[in-house]
Amino acid sequence: MGKIISQDELVQLAARDKRNGLQVVFTNGCFDLLHPGHVRCLADARGLGDVLIVAVNSDRSVRGNKGSERPLVPQQDRAEVLAALASVDYVTIFDEPTPRELIARVLPNILVKGADWALEQVAGREEVEAAGGRVVSIPLAPGYSTTSLVLRIRNAVTTSEGAASKRHN
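Here the structure is a predicted model, which means the values were calculated and not measured.

S.K.: What is the right way to look at the overall build of the protein chain in this model?
M.R.: Assigned secondary structure in the protein chain consists of seven helices and five strands. For the protein chain, the spread of C-alpha atoms along the principal axes amounts to about 70 × 30 × 30 Å. Split into buried and exposed, the 169 residues of the protein chain put 41% on the buried side. Entry remark: accessible area of the protein chain is about 9,100 Å², with carbon and sulfur atoms responsible for 52%. Of the side chains in the protein chain, 20 bear a positive and 20 a negative charge, and the two mean positions are spaced by 5 Å.

Written out as structure tokens, the structure is:
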């Protein structure tokens, strides 16, 4: 069995890990262009417990949340890159706008989101806290965001296209 698993497998494995006394940590996101900010946040999340679960928005979910031009990287590829990280134990893909239903099924000990989310906006917070778990906000690494990377890439392409057209005139 690899790290990329179905939601049903995840629910079973998380229940087993919790029964065995392990602290299960859950986080989620699009992870469209993995950058050092993501890697640092995931390492920090893993440091809070024994097992780190990462739920990845499906392509359809990303389009619904971020617009028709996203994701840039298909869901299976995003999952594969996340699964390659030493800090990540399990990766699953969810198709809904938020992972609330999945979180309610897993009921991790710790639910983690980046500090750009207000705690009261974190999907699954109520369910985790009602089950005795806690929600943790992790500070974001300054200077890193997928949106800013996409803008830099687009600007670089526009600049190089402009330079190429000037050479041809």
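On we go.
S.K.: What's the story with unusual backbone geometry in this structure? I'm lost.
M.R.: Negative phi values dominate among residues other than glycine, just as trans dominates among peptide bonds. Looking along the chain, the bond that leaves Arg70 and enters Pro71 is cis, with omega of 5°. The backbone phi angle of Phe31 is positive, close to 50°, even though this residue is not glycine. Among the secondary structure elements, Phe31 is positioned in the loop between β1 (24-29) and α2 (36-46). Here Leu107, not a glycine, exhibits a phi torsion of approximately 45°, which is positive. If you trace the backbone, Leu107 turns up in the loop between α5 (100-106) and β4 (110-114). Classification of Leu107 by relative accessible area gives partly exposed; the value is 29%.

S.K.: Got a minute to help me understand the pairing of strand β2 (residues 51-57) in this structure?
M.R.: Consecutive residues of a regular strand have side chains that alternate between opposite faces of the sheet. Of all seven residues in β2, seven are buried; the element is thus mostly enclosed. With six bridges connecting them, β1 and β2 associate as parallel partners. Along β2, the bridge assignment pairs Thr27 with Val54. Crossover handedness for the path β1 to α2 to β2: right-handed.

S.K.: Would you take a moment to explain the side chain of Arg78 for this structure?
M.R.: Its place among the elements puts Arg78 in helix α4 (residues 75-83). Polar contacts involving the side chain of Arg78 include one to the main-chain carbonyl oxygen of Asn57, which spans 2.9 Å. Ignoring anything within four residues of it in the chain, the contact list for Arg78 reads Cys30, Phe31, Asp32, Val56, Asn57, Ser58, Asp59, Val62, Pro71 and Val73.

S.K.: Help me out: how do you make sense of the sheet that holds β1 in this one?
M.R.: Each strand in a sheet pairs with its neighbour through backbone hydrogen bonds, running either in the same direction (parallel) or in the opposite one (antiparallel). Taken together, five strands build an open sheet; the order of strands is β3-β2-β1-β4-β5 and the sheet is parallel. The sheet terminates laterally at β3 (90-94) and β5 (134-138), the two strands that pair on one side only. Between one strand axis and the next, the sheet turns by 25° as a mean value, whatever way the strands run. In this sheet, β3 lies alongside β2 in parallel orientation, the contact comprising five bridges. Note that in β3 the partner of Val56 across the bridge is Ile93. Where α4 meets the sheet, its contacts fall on β2 and β3, and the angle it forms with β3 comes to roughly 160°.

S.K.: Is there a simple way to think about α4 in this case?
M.R.: Side chains three or four residues apart in an α-helix point the same way, a direct result of the helix having 3.6 residues per turn. Along α4, the residues that are buried comprise Arg78, Ala79, Leu82 and Ala83. Here the buried residues of α4 occupy an arc of 135° about the axis, which is enough to place them on one side. Its buried side turned inward, α4 meets α2, β2, α3 (59-66) and β3.

S.K.: Just checking my understanding: could you explain the environment of Gly143 for this structure?
M.R.: In this structure, Gly143 sits in the loop between β5 and α7 (146-168). The exposed category is assigned to Gly143, whose relative accessible area is 71%. For the pair Gly143 and Asp59, spaced 84 residues apart in sequence, the C-alpha separation works out to 25 Å.

What counts and what doesn't
Position labels on residues start from 1 in each chain and follow its written sequence. Restriction of local features to residues with pLDDT of at least 70 applies here, the model being predicted, together with a cutoff of 80 or more for giving and counting side-chain atom pairs; totals for whole chains, interfaces and linings are based on all residues. Computation of side-chain values: all heavy atoms of the structure, hydrogens and water removed. Strands are runs of DSSP state E lasting at least 2 residues, helices are runs of H or I lasting at least 4, and numbering of each runs from the N terminus. Exposure categories follow from relative accessible area, calculated using a 1.4 Å probe and restricted to protein chains: below 20% of the type maximum is buried, above 50% is exposed, and the middle band is partly exposed. For every accessible area listed, the method is Shrake-Rupley and the probe measures 1.4 Å; residues are considered covered only by the protein chains on display. Within this scheme the basic residues Lys and Arg register as positive and the acidic residues Asp and Glu register as negative, but His and the chain ends are omitted. Where a charge lies is defined by one atom per residue type: Lys uses NZ, Arg uses CZ, Asp uses CG and Glu uses CD. Any two strands are treated as partners once DSSP identifies two or more bridges connecting them. Crossovers are marked right-handed if the path from the first strand over the helix to the second runs clockwise, as seen with the strands pointing away from the viewer. Throughout this description, a polar contact denotes any pair of N or O atoms lying within 3.5 Å of each other; where both atoms belong to protein, one of them has to be capable of donating a hydrogen while the other can accept it, and for residues adjacent in sequence the pair is counted only when both atoms sit in side chains. Contacts between residues were defined by any pair of non-hydrogen atoms, one from each residue, lying within 4.5 Å. Orientation is described by axes fitted as lines to C-alpha atoms, over the contacting stretch for helices, and by angles from 0 to 180 degrees between their N-to-C directions. Within this analysis, the arc is defined by the directions that extend from the helix axis to the C-beta atoms.

In short, shape yes, function no, at least from these values alone.
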